[in-house]
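Understanding the architecture of this molecule
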Amino acid sequence: MTSEPKTLPTEARFIPKRLEEVRKRALENPEEFFAEIARELEWFKTWDKVLDDSNPPFYRWFVGGLINASYNAVDRHLKRGLRNKAAIIWEGEPGDTRVLTYYQLYREVNRFAAVLENLGLRKGDTIAFYLPMIPELPIFMLAAARLGITFTVVFSGFSAKALAERINDAKAKVLVTADGGFRRGKVIELKKIADEALEMAPSVETVIVVKNVTARGAKIDVPLTEGRDYWLHNLLPAHAKVDPVPVESTHPLFILYTSGTTGKPKGVVHSTGGYLVWVYATMKWVFDVKPDDVMFCTADIGWITGHSYVVFGPLLHGITTVMYEGAPDYPAPDRWWQIVEKYGVTIFYTAPTAIRMLMRYGEEWVKKHDLSTLRILGTVGEPINPEAWKWYYTVVGGERCPIVDTWWQTETGGIMISPAPGIQLVPLKPGSATYPLPGVDADVVCEDGSPCPPGQRGYLVIKRPWPGMLMTLWGDPERYVRTYWQRFSKPEEGKWIYYPADYAMKDEDGYFWILGRADEVIKVAGHRLGTAEIESALVSHPAVAEAAVVGKPDPVKGEVPVAFVVLRQGYTPSEELRHELVEHVRKTLGPIAVPAAIFFVEKLPKTRSGKIMRRVIKAVLLGKTPGDLTTLEDEASLDEIRRALEEFK
Ligand code: WTA
């Protein structure tokens, strides 16, 4: 391996004085601390109270304040001399490009908002976006926000069924999609998938279709349903001016669906004011934003990382955000480095899985490009292994750029635990996210909720509210309380503790190490998937009686789903059936959820009360001792798993 990173701690213990001081100030007087940051954004009316904690765990930030996300991300910069600065630089997979200056973005957002207004949408309505990585997606998000319309972005890799489920839960009246998207040189026909979804989603009255791939040379059929479907270009006025609607700070800016421990995805609801303040603040602390920065966050906007660090974070700061449509290694493994060089990217933010994949292609692909503009490198989504960390640090960053390993979640809105070079850079340790950011009262606790001693694995917890936190789960406040607050809170003592469902450890220096999920959620190539979702997809096939899905470690993807399936009477295991089940999951959930292996078994290990013991299956799969088996109903079920694994070899 290459040389050791220079930023590793030396003999003397480093004391991050400045960081400690800011963190202390934030915890001692959070209201004053966050009010100061919030004032850097523009409010139509200042809040009456920074934090309303009268109804925990339904905390409300900047209550009484009126704000607009679109105004703060776009209009505000026109007065600051940024009219002709690039807001969005977009690069298509085939190599075509588009640049939108802040003024052009302003004009587009106004035109798109006029379309939504003309359809009769207004504050309080919801709209769903099922779009590839094209500029129309952020423009629509900003247009919706301009009118106070709550949006939900559905990742364009999701299937028709997953899309329908999200539209139905959000009760969206309008769906915006595209004719298709490019991926690895192929066309994904999104409108066709959307049509299939719409058969299962009766709330949608109108569909707006962006002419994307057919405008760029693809020859596909795009059937439009009369009276329901419209081409965007036929609805867009040549010019429009739509005043931003001042909304309450607590007005839901968006809903984003994410996986939990049941088959039903959770609609994470984010506020407007608190979310914007948190994204704005974390951009400063973690990415140390400077006016000339060019930020390339490689996440798809369909995930929270894209919402916060492709769209809102960079635009709130008036810097340039780079959006890339396609795959990182298409047509060649230097595609991202080419983009970094071409646009002089200064902040680069990606997932460990991508680093591991690109690392495999060898460093020549990186070395071909001048990456000297890079200043800060970030990772997110899963733990990063030291080998990938070092490669990123040395080969990509030229031992010059700090790696900010950022821990957070869809629910937290923005980064929570991470190095903060914008305040003070601490010595980095590959694999550790270092310290919690200001205002984040994180700790690691044992089963009983008591603090864990250094070096011991426990559960990560957040002991007080922060501005970027989710407000609730859409339509299911009880599930919100149950999922995040039940495990460690002591309401009778007035103690409310947020439980993210991650294992973690603090070391002797107080550094946090995030050790993976503590629930039935797995991270596959950085994507968050519920094993229960994949199980219910499998069980919806007529041949499947029962299914258990567990995550298996994978050198590139971090984890991959592996399924154990009990067939119904009358079905026999075969290669064809295996293939059919794989295709079935692809159709039901989408390509990212497809199991890496499917094993047929006669029975699954269960507790006496009938719960599938995934922990035990996973242990057997990994060749480990299964641990406590007292609740296991039938020992023979373990031999079944062993036999299936053996046969497969
Ligand atoms: C995991 C992504 C280790 C964690 C922003 C968390 C991480 C889940 C890190 C949230 C990190 C995220 N180190 N693990 N730096 N960042 N995770 O909602 O398990 O897609 O709970 O949000 O990703 O995934 P989500």
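Residues numbered from 1 in each chain as written. Predicted model: local features only at pLDDT ≥ 70, side-chain atom pairs only at ≥ 80, totals over all residues. Heavy atoms only, no water.

Going by an unreviewed UniProt entry, the chain carries the name Acetate--CoA ligase and comes from Pyrolobus fumarii. Quoted verbatim from the Catalytic activity (unreviewed entry) field of the UniProt record, the comment on the chain reads "3-hydroxypropanoate + ATP + CoA = 3-hydroxypropanoyl-CoA + AMP + diphosphate". A UniProt comment under Sequence similarities (unreviewed entry) is attached to the chain, and it reads "Belongs to the ATP-dependent AMP-binding enzyme family." (UniProt positions renumbered as here; feature names shortened; annotations may be inferred.)

**As for the sheet that holds strand 16 (residues 294–297)**
The strand order across the open sheet formed by seven strands is 5-4-17-16-18-19-20, and the pairing between neighbours is mixed. A strand with exactly one partner marks an edge of an open sheet, and here the two such strands are strand 5 (97–101) and strand 20 (403–406). Going across the sheet, the axis of each strand differs from the next one's by a mean of 20 degrees, ignoring polarity. Note that strand 19 (residues 376–380) and strand 20 share four bridges and pair parallel. Paired with V380 across the two strands is T406, which belongs to strand 20. Packing against the sheet, helix 4 (residues 102–118) makes contact with strand 4 (86–91) and strand 5, and its axis sits at approximately 90 degrees to strand 5. Helix-sheet contacts for helix 14 (residues 386–396) involve strand 18 (347–350), strand 19 and strand 20, and the interaxial angle to strand 19 is about 155 degrees. (Pairing = 2+ DSSP bridges. Helix = DSSP H or I, 4+ residues; strand = E, 2+ residues; numbered from the N terminus. Axes fitted to C-alpha atoms, helices over the stretch in contact; angles between N-to-C directions. Contact = heavy atoms within 4.5 Å.)

**Let's talk about the confidence of the model for the chain**
Per-residue confidence for the chain gives a mean pLDDT of 95, with 98% of residues at or over 70. Per-residue pLDDT stays below 50 along residues 1–6; that stretch engages in 12 contacts with residues further than four places along the chain or on separate chains. For this predicted complex, the interface confidence comes out at an ipTM of 1.00, alongside a pTM of 0.95. (pLDDT = per-residue confidence, 0-100.)

**Overview of the site of the ligand**
Around the ligand sit 17 residues in total, of which D405, T410, D502, K523 and R528 are the nearest. Between the ligand and E382, the relevant distance is 3.3 Å, taken from a nitrogen atom to a main-chain nitrogen or oxygen of the residue. At 2.8 Å from an oxygen atom of the ligand is found a side-chain nitrogen or oxygen belonging to R517. Burial of the ligand by the protein chains amounts to 96% of its free accessible area of 530 Å². Only helix 10 (304–316), strand 20 and strand 25 (512–517) provide two or more residues apiece to the shell around the ligand. When its residues are assigned to classes, the shell around the ligand shows six nonpolar, five polar and six charged. (Near = heavy atom within 4 Å. Polar contact = N/O pair within 3.5 Å; in protein donor to acceptor, adjacent residues only side chain to side chain. Areas by Shrake-Rupley, 256 points an atom, 1.4 Å probe, with all protein chains shown as cover. Nonpolar A, V, L, I, M, F, W, Y, C, P; charged D, E, K, R; others polar.)

**Let's talk about helix 14**
With nine of its 11 residues buried, helix 14 lies for the most part within the structure. Taken together, the buried positions of helix 14 are A388, W389, K390, W391, Y392, Y393, T394, V395 and V396. Residues of helix 14 that are buried in the fold lie against helix 11 (335–343), strand 18, helix 12 (352–360), helix 13 (364–367), strand 19 and strand 20. Looking one or two places after helix 14, you find G398, whose phi comes out positive at around 55 degrees. (Buried < 20%, exposed > 50% of the residue type's maximum accessible area, 1.4 Å probe, protein only.)

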